[in-house]
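Analysis of the macromolecular model
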Amino acid sequence: MLSGIQPSGRLHLGNYFGALRQHLELQRENEAFYFIASYHALTTIHDAIELRDLTNAVALDYLALGLDPEKTTLFRQADVPQVTELCWILSCVTPMGMLERAVSYKDKVAQGLSPNHGLFAYPVLQAADILIYLSELVPVGQDQKQHIEMTRDIAVKFNNEFGKTFVVPEARILESTAVVPGVDGRKMSKSYDNQIGIFEEGKPLKKKVMGIVTDPTPVEEPKDPETSTPFLLLRLMADSAETAEWETRYRAGGMGYGEAKKRLLELIDENFGPYRERRKELADNPAYVEEVLVEGGRRARAVAEPVMERVREATGLQIGYAPDKRFTG
Ligand code: ADP
Ligand code: TRP
């Protein structure tokens, strides 16, 4: 099983409930590779210190929240440069029309981002990420479904043209959570600057939660929980009895949004408070975190390189390469 997350900003509650939480649960029953997609983030971040710091922050978040580096391989995408080599080779079997239909590319351009070639080729690099480890399962949010379909098409095309080389992977769509709303009610996203960070705390957190935008319905009137951001966030963390109680209180009237926001703040502290100390300890021990990433990179390359040897042979780029280390499966 493999998944990646872009270090293009600090991770927020949308990333946690939409991806990270499930990644951490899935590591128990699966052999998992999780990587920090630093090459992908380079399509938008052109500041060395920022990219380095955001990459480290993602590693700290995963480790603090319970990723077990003994069992699960956590690594930086750029520590496996073979993936860019494969990306070029896959580019040569990827039809232009397929990339032109990519929704995520069209969305980013529509948002006003001035596109570079990396952004256009993003799905090919993602296919290389997945195929190079012969991944079978790829747990991702609904928004990544098209990218996995493209990966499957690229794998089939390569296998047809050059002989069976790649496993055709399956997406495992994580749908336990609908879209997590941000403080302004739109989808929580760093692009809208409406996010609540997983590890925000204290006054800044309180200010954000108390500032969540709500409608001007007076306290005494009934309210619809399904359209109310404090409720939608609260139910991600409250148990089912408490959630039902809040629903009843919303519908009955006589409750102000401020009450729900206060409880939401408590729930965030209860849920993430225990991990904050762990994250601070890890942040004070950069040598340990680096060691985890370096070891993860080593393990990932050990899987990737034999696959690349097979690809170099299958394509004729290198005939008879390392015959004692032939690809076995
Ligand atoms: P952002 O929108 O902040 O740029 P990304 O696109 O980098 O976030 O998100 C990485 C993953 O986190 C996505 O594939 C998706 O599964 C999940 N995710 C992000 N935002 C949300 C959200 N608001 N609700 C649910 N899941 C989300
Ligand atoms: N595009 C993914 C996202 O934005 C991140 C990603 C890059 C990825 N390569 C991947 C996810 C490979 C799964 C598999 O969320």
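In short, a report on the structure.

Definitions and limits used
Residues numbered from 1 in each chain as written. Chains lettered and ligands numbered in written order. Predicted model: local features only at pLDDT ≥ 70, side-chain atom pairs only at ≥ 80, totals over all residues. Heavy atoms only, no water. Buried < 20%, exposed > 50% of the residue type's maximum accessible area, 1.4 Å probe, protein only. Helix = DSSP H or I, 4+ residues; strand = E, 2+ residues; numbered from the N terminus. Arc of directions from axis to C-beta. Contact = heavy atoms within 4.5 Å. Pairing = 2+ DSSP bridges. Axes fitted to C-alpha atoms, helices over the stretch in contact; angles between N-to-C directions. Polar contact = N/O pair within 3.5 Å; in protein donor to acceptor, adjacent residues only side chain to side chain. Parallel < 35°, antiparallel > 145°, perpendicular 65-115°, else oblique. Left-handed = near helix turned anticlockwise from the far one by under 90°. Nonpolar A, V, L, I, M, F, W, Y, C, P; charged D, E, K, R; others polar. Near = heavy atom within 4 Å. Areas by Shrake-Rupley, 256 points an atom, 1.4 Å probe, with all protein chains shown as cover.

Glancing now at helix α4 (residues 82-91). Buried residues of α4: Q82, V83, L86, C87, I89 and L90, and no others. Looking down the long axis of α4, one finds its buried residues gathered within 165° of arc, a one-sided arrangement. Residues of α4 that are buried sit in contact with α2 (38-41), α7 (117-131), α8 (145-162) and α13 (286-315).

This next bit is on the sheet that holds strand β2 (residues 33-36). Strands sit in the order β1-β2-β3 across an open sheet of three strands; the sheet is parallel. The open sheet has two free edges, formed respectively by β1 (2-5) and β3 (73-76), since each of these has just one partner strand. Recorded for the sheet is a direction-independent mean angle of 20° between the axes of neighbouring strands. Relative to β3, β2 is paired through four bridges, and the arrangement is parallel. Following the sheet pairing, F33 is matched in β3 by T73.

Further remarks concern the environment of D184. Note on placement: D184 falls in the loop between β5 (170-173) and α9 (202-210). Look at D184 and you get partly exposed, because its relative accessible area is 29%. For the pair D184 and V58, spaced 126 residues apart in sequence, the C-alpha separation works out to 24 Å. If sequence neighbours within four positions are ignored, D184 has contacts with N194 and V213. Here R186 takes part through its backbone nitrogen, which lies 3.0 Å from a polar atom of the side chain of D184. Only 2.7 Å separates the side chain of D184 from the side chain of N194, close enough to count as a polar contact.

This next bit is on the packing of α7 against α8. Packed helices, taken two at a time, are described by the angle between their axes plus the distance between the axes. Across the interface, α7 lies against α8 with an axial gap of 9 Å and an inter-helix angle of 70°. With respect to their mutual orientation, α7 and α8 come out roughly perpendicular. Handedness of the crossing formed by α7 with α8: right-handed. Across the interface between the two elements, Y122, P123, Q126, A127, I130 and L131 of α7 pack against H147, I148, M150, T151, I154 and A155 of α8. Looking at the contact of α7 with α8 residue by residue, the classes come out as nine nonpolar, three polar and no charged.

So, on to the site of ligand 2. Neighbouring ligand 2 are 13 residues; H40, Y122, Q126, D129 and Q144 lie closest to it. Contact distances for ligand 2 include 2.7 Å between a nitrogen atom and a side-chain N or O atom of Y122. Within the side chain of D129, one N or O atom sits 2.8 Å away from a nitrogen atom of ligand 2. In the complex, the protein chains occlude 89% of the 370 Å² of accessible area that ligand 2 would expose alone. Those elements that place two or more of their residues in the shell around ligand 2 are β1, α7 and β4 (137-140). Here the shell around ligand 2 gets four residues from one element, more than from any other, and that element is α7. Residue composition of the shell around ligand 2, grouped by class: six nonpolar, six polar and one charged.

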